[in-house]
Amino acid sequence: MKKRVVALFIVSLMIVSLVGCKKDTKYTEVNLTEVAHSIFYAPQYVAIELGYFKDEGLKVNLTNGLGADKTMTAVLSGNADIGFMGSEASIYVYNEGEKDYVVNFAQLTQRAGNFLVSRDENENFAWNNLKGKTVIGGRIGGMPEMIFEYILKKNSIDPKNDLTIIQNIDFGITAQSFQAGTGDYTIEFEPAATGLELQKAGKVVASLGVESGMVPYTAYSAKLSYIKDHPETIQKFVNALQKGMNYVNSHTSEEIAKVIKPQFKETDMDTVTKIVTRYKDQQTWKEDLIFKEESFNLLQDILDSSDMLAKPASYSDLVDTTYATKAANK
């Protein structure tokens, strides 16, 4: 009898174990590649850390693409299901004639998220100070560089003739290059911009997000075929993001920083909080994820200003607001 009880107990443990393993399979895996890992994308990390994706039945595998070009390559090759990057990349692919092109289904940020850092910590900055100077910029055709040039032109500065813009330094090492002595200024995302300040290597003198105004800086996108084959997954993904968006718009910088801190283990809490505050104060994040047509048109104007728009692209082809609208109305 005793042996039978023990045997039944072992069988019960095996059943519980099998049920537990089976339970793990309830999650749909989504491979997400982001253009950069930055506090700029706080709503996404809130959704990860507070389990909003898991609540929707998704297991998100996050990788850093280190630039929109590499992120788009990951999406087109199938290594990423969803890409998070500047929407200019989707326009380039569309205009190149790709049949299974990439569609934007959720816009996260409504301002640029990078900052101009000066080597002179005592500088009384004005945009004219850039004339004759060298600036570490971004990749040709990328949003960071185009927004920078857009601001220069607004301030009557010729990007080609009035200053030197370095555009061949890899996205991930611009701060290190600046710290090593390259350039008079550099354009950096967070936490790199604040990191340079903390190391006394420079000073943030301007926010490109404030200077350029409201622009559709980063959005989530996937191939036309993926969206067609996985509409429920896309909807669940957007639902989770909307919850993350709701959180950052209804909580303090300190509360947001505490939630996303595990994503930035090498950055201390005070710095994370400072950066979140910087982004929050300039209204970086939208209230919803709906990518509106006027924003898309502004994006194309910026591309056209930088001579990067071969021809206007179709909003109805490249933007699908179905999922974001449904998430916003839940």
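The numbers attached to residues start from 1 for each chain and follow its sequence in the written order. It should be noted that, the model being predicted, local features are given only for residues of pLDDT at least 70 and side-chain atom pairs only at 80 or more, the latter also being counted only at that level, while totals for whole chains, interfaces and linings use all residues. As a rule here, side-chain values cover all heavy atoms of the structure and leave hydrogens and water aside.

Thoughts on the overall build of the chain
- Secondary structure elements follow DSSP: runs of H or I of four or more residues count as helices, runs of E of two or more count as strands, with numbering from the N terminus. Within the chain, the secondary structure is distributed over 16 helices and 10 strands.
- Scaling as 2.2 N^0.38, a compact globule of 330 residues should have a C-alpha radius of gyration of about 20 Å, and the chain matches this with 22 Å.
- Each principal axis of the C-alpha distribution contributes one length, and for the chain these read about 90 × 45 × 35 Å.
- Residue exposure (1.4 Å probe, protein chains only): buried if accessible area is under 20% of the type maximum, exposed if over 50%, otherwise partly exposed. Residues classed as buried in the chain amount to 52% of the 330 residues present.
- For the chain, the share of sequence-separated contacts (at least 6 apart) that also reach a separation of at least 24 residues comes to 81%.
- For every accessible area listed, the method is Shrake-Rupley and the probe measures 1.4 Å; residues are considered covered only by the protein chains on display. Accessible surface for the chain amounts to roughly 15400 Å². Of this, 51% is attributable to carbon and sulfur atoms.
- When the 35 positive and 42 negative side-chain charges of the chain are each reduced to one mean point, those points stand 10 Å apart. The globule rule used here is 2.2 Å times the number of residues to the 0.38 power, and the radius of gyration it is set against is calculated over C-alpha atoms. Between two residues, a contact is recorded if the distance between any of their heavy atoms is within 4.5 Å. Asp and Glu count as negative and Lys and Arg as positive, but His and the ends of the chain are not part of the count. In plain terms, the charge of a residue is placed at NZ if it is Lys, CZ if Arg, CG if Asp and CD if Glu.

Regarding the packing of helix 5 (residues 88-95) against helix 14 (residues 293-305)
- Axis lines are fitted to C-alpha atoms, over the contacting stretch for helices. Their N-to-C directions set the angle, which ranges from 0 to 180 degrees. With their axes 11 Å apart at the nearest point, helix 5 and helix 14 run at an angle of 75 degrees to one another. Our classification of the angle between helix 5 and helix 14 gives roughly perpendicular. For the pair helix 5 and helix 14, the contacting residues are Glu88, Ile91 and Tyr92 in the first and Phe296, Leu299, Gln300 and Leu303 in the second.
- Three categories are distinguished: nonpolar for Ala, Val, Leu, Ile, Met, Phe, Trp, Tyr, Cys and Pro, charged for Asp, Glu, Lys and Arg, and polar for the others, with Gly belonging to the last. Each residue belonging to the contact of helix 5 with helix 14 can be placed in one class, and the counts come to 5 nonpolar, 1 polar and 1 charged. With respect to orientation, any angle under 35 degrees is reported as roughly parallel, any angle over 145 as roughly antiparallel, any angle of 65 to 115 as roughly perpendicular, and every other angle as oblique.

Examining the confidence of the model for the chain
- Chain-level statistics for the chain give a pLDDT mean of 92 and a share of 92% at 70 or above.
- A residue's pLDDT is the confidence the predictor assigns to it, expressed on a 0 to 100 scale. Here residues 5-23 is modelled with pLDDT under 50, and outside its nearest four sequence neighbours on either side it reaches 0 contacts, counting other chains as well.

Some details on the pattern of salt bridges
- We define a salt bridge as a contact between a side-chain nitrogen of Lys or Arg and a carboxyl oxygen of Asp or Glu at a distance within 4 Å. Under the criterion given, the structure shown has 7 salt bridges.
- Taking the shortest distance from any N to any O, the salt bridge between Lys286 and Asp288 comes out at 3.3 Å.
- Note on Lys286: relative accessible area 9%, which makes it buried.
- Connected through salt bridges with shared partners, the residues Glu190, Glu197, Lys274 and Arg278 form a single ionic network.

Structural notes on the nonpolar core
- Among the nonpolar cores identified, the biggest contains 102 residues, and Phe105 and Leu116 are the most heavily contacted of them.
- Setting aside chain neighbours within four positions, we find Phe105 in contact with Ile82, Tyr220, Ser221, Ala222, Ile227, Ile234, Phe237, Val238, Leu289, Asp320, Tyr323 and Ala324. The set of buried Ala, Val, Leu, Ile, Met, Phe, Trp, Tyr and Cys residues whose side-chain atoms join them within 4.5 Å is what this entry labels a nonpolar core.

As for the sheet that holds strand 9 (residues 203-207)
- The strand order across the open sheet formed by 5 strands is 7-6-8-5-9, and the pairing between neighbours is mixed. Pairing within the sheet leaves two strands with one partner each, and these edge strands are strand 7 (164-166) and strand 9. Ignoring which end each strand starts from, the neighbouring axes of this sheet average 25 degrees apart.
- Here 4 bridges tie strand 5 (residues 115-118) to strand 9, and the two strands are oriented antiparallel to one another. Should DSSP find at least two bridges between two strands, the strands are taken to pair.

Side note on the sheet that holds strand 4 (residues 102-109)
- Strand order in the open sheet made by the 5 strands is 2-1-3-10-4, with mixed pairing throughout. The open sheet terminates on both sides in strands that have one partner only, identified here as strand 2 (58-64) and strand 4. Across this sheet, the average inter-strand angle for adjacent strands is 25 degrees, counted without regard to direction.
- Together, strand 1 (28-34), strand 2, strand 3 (82-85), strand 4 and strand 10 (218-223) form the strand contacts of helix 11 (residues 231-248), whose direction differs from that of strand 4 by roughly 15 degrees.

Some details on the packing of aromatic side chains
- Pairing of aromatic rings covers Phe, Tyr and Trp, the last through its six-membered ring, and needs centres within 6.5 Å; plane angles under 30 degrees mean stacked, over 60 mean edge-to-face, and all others mean tilted. If you walk through the whole model with that rule in mind, you get 19 aromatic pairs.
- When the ring of Phe40 is compared with that of Tyr217, the centres are 5.7 Å apart and the planes differ by 70 degrees; the resulting orientation is edge-to-face. Here the residue Phe40 occupies a position in the loop between strand 1 and helix 2 (42-49), and Tyr217 occupies one in the loop between helix 9 (208-212) and strand 10, the gap between them amounting to 177 residues.
- Overall, Phe40 belongs to the buried group, its relative accessible area being 0%.
- A relative accessible area of 2% means that Tyr217 is categorised as buried.
- Here Phe171 and Phe189 contribute two aromatic rings whose centre-to-centre distance is 5.9 Å and whose plane-to-plane angle is 50 degrees, an arrangement assigned as tilted. Placement of Phe171 in the loop between strand 7 and helix 7 (174-179) and of Phe189 in the loop between strand 8 (185-188) and helix 8 (192-198) is noted, with a sequence separation of 18 residues between them.

A few points about the side chain of Glu88
- Along the chain, Glu88 turns up in helix 5.
- Buried charged residue Glu88 carries no salt bridge. Nearest counter-charge: Arg139, at 4.5 Å.
- In this view, Glu88 contacts Ala68, Arg139, Gly141, Gly142, Met143, Met146, Leu299 and Leu303; residues no more than four positions away in its chain are not counted.

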